[in-house]
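The lines below spell out each chain.
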Amino acid sequence: KAAGKGTWRVFSDDMEIRIQERARLQADLRAALKARDGLFVFYQPIIDAGSKTITSREALVRWHHPQRGWISPAEFVPIAEQSGLIDQLGEFVLNTACNDAAGWEDGARVAVNVSAAQLGKGTIAPAVLEALSRSGLSPGRLEIEVTETAMLDDENGGIGDLRRIRDMGVRVALDDFGTGYSSLTHLRAFPFDKIKIDGSFVRDAVERPESAAVVRAIADLGKRLGVTTVAEGVETEAHLNRVLEEGCSEVQGYFYGRPAPSDRDAATVMELNRA
Ligand code: C2E
Ligand code: CA
Ligand code: CA
Ligand code: CA
């Protein structure tokens, strides 16, 4: 019984620490957004399978915390979503990405992640329009990536927001395809321009015929629908050869390039990494 009690105490202390830690991070993120300090947008190339040229770059947010150093977006994006900071964070990424892309000499598109929490409020389409007009980037050079969970149901009007964005001439991609419960339903609910096949299938496809079959089925589906299919998480030449064989139209992953800062931020980021 004594051990049981002790276990409970440790558990509840641990939970309390985590709650405090979260509250701290939330306050620190709010401060970082306000001061425009420590937040960056990195870019990762997406390559056309045929021509091997860069078609677009995905914008991935990065945060260097004053005490903790680099914190993964997998940790702080959910905190932003739950605290209402996601709209501000999202606008920072959207504006930075459009400004940066407007200066790219190769004319590649830029892909920006939009979270479920940003949809259904009627605010995202005006924010996109503003980012485009402020940067002068043409709508055809912007892509918006939404995950399957963002599409789960449309009771909140998320599809209406996506429609308004697509009507501007911006492409809309379905991210992490295959990881949700009703992937195919989402394809029927909205005319996506692009399907991104989750990296877990891609990396698995070299060793497991089942995963290779899934990748091929999605690539075939894309062809039938006239939709671009991107294989995410391509880390090795073996991954690359596999997804090309299965018919994916574009590839993204460490094999071609890791997310990297813009030229403007490169020196600052190098300095932060040294410290
Ligand atoms: P995601 O949208 O699926 O982004 C792809 C993630 O895979 C990125 O992680 C990227 O760095 C990583 N990745 C790319 N190539 C490879 C590879 O070859 N192997 C492996 N193992 N991983 C690879 P990252 O940057 O840590 O972002 C994690 C997630 O955080 C993203 O997943 C996205 O859901 C979210 N996120 C990132 N930036 C933003 C943003 O600006 N807004 C929102 N709402 N979410 C974001
Ligand atoms: Ca994405
Ligand atoms: Ca993804
Ligand atoms: Ca993901």
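The numbers attached to residues start from 1 for each chain and follow its sequence in the written order. Ligands are numbered from 1 and chains lettered from A, in the order in which they are written. Totals for whole chains, interfaces and linings use every residue, but because this is a predicted model, local features are given only for residues with pLDDT of at least 70 and side-chain atom pairs only at 80 or more, for both listing and counting. Heavy atoms from the whole structure form the basis of all side-chain values; hydrogens and water molecules are not counted.

**Re the coordination of the calcium ion (ligand 4)**
Now for step 1: For Na, K and Ca the donor cutoff is 3.2 Å, while for all other metals N, O and S atoms must lie within 2.8 Å; water is not among the atoms, so some sites may look incomplete. The protein atoms that coordinate the calcium ion (ligand 4) are D176 (OD) and D176 (OD), at distances spanning 2.7 to 3.0 Å.
Now for step 2: A separation of 3.8 Å is found between the calcium ion (ligand 4) and the calcium ion (ligand 3), which share D176 as a coordinating residue.
Now for step 3: Counting from the N terminus, the helices are DSSP H or I runs at least four residues long and the strands are E runs at least two residues long. Within the element layout of this structure, D176 appears in strand β6 (residues 171–177).

**Overview of the coordination of the calcium ion (ligand 3)**
Now for step 1: Distances from the calcium ion (ligand 3) to its protein donors, namely D175 (OD), D176 (OD), E232 (OE) and E232 (OE), fall within the range 2.2 to 2.4 Å.
Now for step 2: All donors of the calcium ion (ligand 3) come from a single chain, and their spacing in sequence reads D-D-x55-E.
Now for step 3: The metal-metal distance between the calcium ion (ligand 3) and the calcium ion (ligand 2) is 4.0 Å, with D175 coordinating both. Taken together, the residues span a long stretch of sequence, with D176 in strand β6 and E232 in the loop between β8 (228–231) and α9 (237–246) at a distance of 56 residues.

**Things to note about the site of ligand 1**
Now for step 1: For ligand 1, the set of nearby residues contains 20 residues, the closest of which are Q44, R62, D175, E235 and Y254.
Now for step 2: As used in this structure description, the phrase polar contact means that two N or O atoms lie within 3.5 Å; if the pair is within protein, one of them must be able to donate a hydrogen and the other to accept it, and residues adjacent in sequence are counted only when both atoms belong to side chains. N113 is positioned with one of its side-chain polar atoms (N or O) 3.1 Å from an oxygen atom of ligand 1.
Now for step 3: For ligand 1, a nitrogen atom lies 2.7 Å from a polar atom in the side chain of E235.
Now for step 4: A pocket here means an open set of points on a 1 Å grid, computed over the protein atoms alone, that has protein on both sides within 12 Å along at least five of seven lines. A cavity is instead a set of points where a 1.4 Å probe fits but cannot get out; residues with an atom within 4 Å of a point line either one. The rule for placing a molecule in a cavity or pocket is simple: more than half of its atoms must lie within 2 Å of the grid points. If you map ligand 1 onto the pockets, it falls in the largest pocket.
Now for step 5: Every element with two or more residues in the shell around ligand 1 is listed here: β2 (54–65), α2 (73–83) and β6.
Now for step 6: Ranked by the residues each element gives to the shell around ligand 1, the list is headed by β2, at four residues.
Now for step 7: Residues are grouped as follows: Ala, Val, Leu, Ile, Met, Phe, Trp, Tyr, Cys and Pro are nonpolar; Asp, Glu, Lys and Arg are charged; all remaining types, including Gly, are polar. Across the shell around ligand 1, the residue classes break down as eight nonpolar, five polar and seven charged. Nearness is defined per residue: one heavy atom within 4 Å of the molecule or strand is enough.

**Quick look at the nonpolar core**
Now for step 1: Residues belong to a common nonpolar core when they are buried Ala, Val, Leu, Ile, Met, Phe, Trp, Tyr or Cys residues joined through side-chain atoms within 4.5 Å. Exposure categories follow from relative accessible area, calculated using a 1.4 Å probe and restricted to protein chains: below 20% of the type maximum is buried, above 50% is exposed, and the middle band is partly exposed. Of all hydrophobic cores here, the largest spans 67 residues; its most connected members are L89, V110, V128, L142 and I144.
Now for step 2: At eight residues, helix α3 (residues 86–102) tops the list of elements feeding residues into this core.
Now for step 3: What makes two residues a contact is simply this: any of their non-hydrogen atoms within 4.5 Å. Residues in contact with V128, not counting those within four places in the same chain, are L94, L142, I144, I165, M168 and V170.

**As for helix α5 (residues 158–167)**
Now for step 1: All of the buried residues in α5 are G158, I159, D161, L162 and I165. Mapping the buried residues of α5 onto a view down its axis gives an arc of 155°, with all of them on the same face.
Now for step 2: The positive-phi residue at the C-terminal boundary of α5 is G169, with phi of around 100°. To be clear, the arc concerns the directions from the helix axis to the C-beta atoms.

**Brief notes about the layout of surface pockets**
Now for step 1: Grid points are joined across faces, edges and corners, and a volume is the space filled by probe spheres set on the points. Approximately 890 Å³ is the volume found for the largest pocket.
Now for step 2: Lining the largest pocket are 34 residues, and of these E58, L60, P73, N113 and D175 lie nearest its centre.
Now for step 3: Among the secondary structure elements, those contributing two or more residues to the lining of the largest pocket are β2, α2, α3, β5 (142–147), β6 and α7 (199–204).
Now for step 4: Residues belonging to the lining of the largest pocket are distributed by class as follows: 13 nonpolar, eleven polar and ten charged.
Now for step 5: In this structure, the second largest pocket occupies an estimated 210 Å³ of space.
Now for step 6: Around the second largest pocket sit Y43, R57, D100, G103, W104, A260, P261, S262, D263 and R264, which together line it.
Now for step 7: Listing elements by their share of the lining of the second largest pocket, those giving two or more residues are β10 (260–261) and α10 (263–274).

**Details of α3**
Now for step 1: In this scheme, a helix's expected span is set at 1.5 Å multiplied by one less than its residue total. An ideal rise of 1.5 Å per residue puts 24 Å on 17 residues; α3 measures up with 24 Å between its terminal C-alpha atoms.
Now for step 2: Those residues of α3 that sit buried are I86, L89, G90, F92, V93, L94, N95, T96, A97, C98, D100 and A101.

**Things to note about the pattern of salt bridges**
Now for step 1: A pair is scored as a salt bridge if a Lys or Arg side-chain nitrogen falls within 4 Å of a carboxyl oxygen belonging to Asp or Glu. The full count for this structure, using the stated rule, is 24 salt bridges.
Now for step 2: Here R68 ties to E21 by a salt bridge, and the two come within 2.8 Å at their closest N and O atoms. On the criterion of sequence distance, the pair formed by R68 in the loop between β2 and β3 (69–71) and E21 in helix α1 (residues 2–35) is long-range, its members being 47 residues apart.
Now for step 3: A salt bridge links K196 to E232, with the nearest nitrogen and oxygen atoms 3.7 Å apart. One end of the pair, K196, is in strand β7 (residues 194–197); the other, E232, is in the loop between β8 and α9, and 36 residues separate them in sequence.
Now for step 4: E232 gets classed as buried once you look at its relative accessible area, which sits at 11%.
Now for step 5: Bridged by salt links that share partners, the residues E58, E145, K196 and E232 form one connected network.

The values reported here are purely geometric and, on their own, carry no functional implication.
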